[in-house]
Amino acid sequence: MSGSWKKTACILCECNCGLEVQLGGEGNRHFTRIRGDKAHPASKGYACEKPHRLDYYQNGPDRITSPLRRTSDGTFEEIDWGTAIREVAERLSAIKDEHGGSTIFYYGGGGQGNHLPAAYSAATRRALGSRYRSSALAQEKTGEFWVSGRLMGQVTRGDFEHCEVGLFIGKNPWQSHGIPRARVTLREMAKDPKRALVVIDPRKTETAELADIHLQVKPGTDAWLLAALGGVLVQEDLVDHAFIEEHVDGAEDPIAALRGIPVAEYCQTAGVPEELVREAARRIGKAESVAVFEDLGIQMNRFSTLNSYLNKLLWVLTGNFAKKGGQYVPSVLVSVAGNLEKLGAGGEAKRSPVANEPIISGLTPCNSIPAEILSDHSKRYRAMIVESGNPAHSLADSARMREALEALDTLVVIDIAMTETARLADYVLPAATQYEKAEATFFNFEFPHNYFHVRQPLFEAPEGPLPEAEIHARLCEALGAYTDEDLAPLHAAAAQGRPAFIPVFFAKVLSNPKLAPMAPVILYRTLGPHLPPGMQSAAVVWGLAHQFAAKFSESLRRAGFEGPSMVQAEKLFDAILDSPSGVVFSVDDYDEGWKRVMTPNGRFQASNPELLQELATLVDAQPGTGQSEFPFVLSAGERRSFTANTIFRAPEWRKKDPEGSLRISPDDASELGVQSGDYVRLSTRRGSVEVPVEVSAMMQPGHVSLPNGLGVDATGPEGRSVRAGVAPNELTSLEDRDSFAGTPWHKHVPARIEAIA
Ligand code: SF4
């Protein structure tokens, strides 16, 4: 009803801040007012400027309202759901029968706020025998996951609320957030004289402006700077010997390497005054607590996996783990990093079938996907399901990615709008938006209090689109993964209530090897109809609550959920359903972290021979682009006030700078003879575009940046296709990637700029 406030959450970054919204407009299908939800356990009323324009998502252009099938002339025709599901199941089954299920590749499974489809898609993948998948995480985080897996079999986060020193590396939380109430937390840190905010970033960002120490590194030289920081810690004996003795194996190897770092030379390479680097290292080494956040600035850059290792050495060697204000391991309902335990036990990553690239956290490197398809190898990926993802736009070298997608035997896209990837599909299956079904995020990383938020639907889906849970259930049924007879006892038990349902589900599904992989969709079909109206898609959360209770019973008890773990799980699920602002499901002690280190002996394993070898190469490596015809470093995909990922498809959503200007330093602008608003030609090895410039003191000479999320094709008011801004991946190359994790170097694209008359 218009005028009343309803609870939901923002879906534009991993924070998923709680929101209150009012609905109105035509058919009561628009957001009319939006504000932060004070009752949300993490965001507590905080919201940045971006969600105020969420209506451009909910009512964006090119919504798909019917299943579509590609015709022989390349256009699409509408088909009914029965035909779509039957034909998709038949085509994928035929590929499975002839070439094996492992040739069916899955990409996506959620953006910043719709992660329940990923849980349901697991059933479809299992029904098809599909073994390989990927997502945007493999563009960004797998290098860090690999390092963390080797180090401790886990990933960590930093306690910025309580730290004495907050260190952000290649991250501008003022714009990219990533920590709850980012701007409030940054201001608090900056104004407290007892605390210090340290920022490593080539740009003078909003966060760097607030910093006590800004190490304004030359683009692409973070590895030299991080090595110099570690070098100072070791050479000035600022390491925590007691902590190392008690908790760390193999520290002597990195310590020996860091002792040999020529600090002055590396500071010069990084373009940062040596005294400032020493000041930062001393501040880190002497602090009671240090929280660290590394992000895409170093994770999509040269030496990205080495950068992650050097970063982790900073807080490991100074003992900043499992204490207030340090690094922690959150208890999570679902681990987005997958199971890193095997790496902690010295195991190796699996390899992709064609390019033999490392599969970290279960994810094929995004830059290898075209090579996995465009091959005559018998194990090549022949079919692909893309769900809530847009690889044709979002992955490196869009031209090559399009070629690969077009070469597939079958491409099935599940999405709400006609994306760049959907345009290439054989079948497009329309999904409900994130506000038309129960939905949730798995990005729950808080500590010591962690929360989970299932959002209740705000709108009915229009006729045509279905929630992903329903799409996957129908696909699994068409694939013959289970029968009505299989479900009959579960339906009967669910009708009697959850106490009756639990034993039947455990006995009939989890102990049945045929049905156990189908658990998510079976829960949706059997338990889902008995959940409150609109909440059927939340059925899989019941299973997640039981998994969590079995593993983290103590954390649940501290959060107020008493009883045996089965009882705790039921209470937790009830609380999730009854808490429209989200619920605190876990309360931890700081030293809980040690129980979560998943190495065989529970100690950090600090030696990483491969990365120490790469560290040794820095002494001879060249900074800069190394290409005289491309002297600039382009950072492709900067977060700004009015950028998000491509779920905003209407160009009008951007209040300012609709074309997404190329930021350039005043010195470079002057040399090129251009001013803000002038157009330049920006060229890389892969492509060339014309783009307006914004002369910005944020940038240093030789460094330019383009925003993320631009360059999508949308249908404008007169039915014509409009594209605003540059699609960054028309300029990036597949070869520019990390040698360990395969993560792309989007923040280090060699480029040339020419003024246009
Ligand atoms: S910080 Fe992120 S989740 Fe919160 S309101 Fe801003 S964009 Fe949305």
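Look a little higher up for the structure.
Residues numbered from 1 in each chain as written. Predicted model: local features only at pLDDT ≥ 70, side-chain atom pairs only at ≥ 80, totals over all residues. Heavy atoms only, no water.

K.L.:
Could you give me a rundown of unusual backbone geometry, with the residues and numbers involved?
P.N.:
In this structure, Pro-448 follows Phe-447 across a cis peptide bond, with omega equal to 0°. In this model, Lys-44 sits at a positive phi of 50°, which is unusual for a non-glycine residue. In this structure, Lys-44 sits in the loop between strand S3 (30-36) and helix H1 (55-58). The backbone of Arg-181 shows a phi angle near 50°, a positive value even though the residue is not glycine. Here Arg-181 shows up in the loop between helix H6 (173-176) and helix H7 (182-191). (Helix = DSSP H or I, 4+ residues; strand = E, 2+ residues; numbered from the N terminus.)

K.L.:
An account of the pattern of salt bridges is requested, with residue identities and associated values reported.
P.N.:
Summed over the entire model, instances satisfying the criterion amount to 55 salt bridges. Notably, a salt bridge pairs Arg-686 with Asp-397, separated by 2.5 Å at the nearest N-O pair. Here Arg-686 is found in the loop between strand S27 (679-683) and strand S28 (688-695), whereas its partner Asp-397 is found in the loop between helix H18 (391-394) and helix H19 (398-407), with 289 residues between them in sequence. For Arg-685, the salt bridge is made with Glu-735, and the minimal N-O distance between the two is 3.7 Å. Within this pair, whereas Arg-685 is found in the loop between S27 and S28, its partner Glu-735 is found in the loop between strand S31 (721-723) and strand S32 (749-755), the two being separated by 50 residues in sequence. Given the relative accessible area of 43%, Arg-685 is considered partly exposed. Take Glu-735: its relative accessible area is 53%, and that puts it in the exposed class. (Salt bridge = Lys/Arg side-chain N within 4 Å of Asp/Glu carboxyl O. Buried < 20%, exposed > 50% of the residue type's maximum accessible area, 1.4 Å probe, protein only.)

K.L.:
Any chance you could break down the packing of helix H22 (residues 498-510) against helix H26 (residues 565-578) for me, citing the residues and the numbers?
P.N.:
Closest axis-to-axis distance for the H22/H26 pair is 12 Å, and the angle between their directions is 120°. As the angle between them shows, H22 and H26 are arranged oblique. Where H22 crosses over H26, the two elements pack in a sense that is right-handed. Each of Arg-498, Ile-502 and Phe-506 in H22 lies in contact with H26, whose residues at this interface are Met-566, Glu-570, Phe-573 and Asp-574. (Axes fitted to C-alpha atoms, helices over the stretch in contact; angles between N-to-C directions. Parallel < 35°, antiparallel > 145°, perpendicular 65-115°, else oblique. Left-handed = near helix turned anticlockwise from the far one by under 90°. Contact = heavy atoms within 4.5 Å.)

By themselves these figures say nothing about function.
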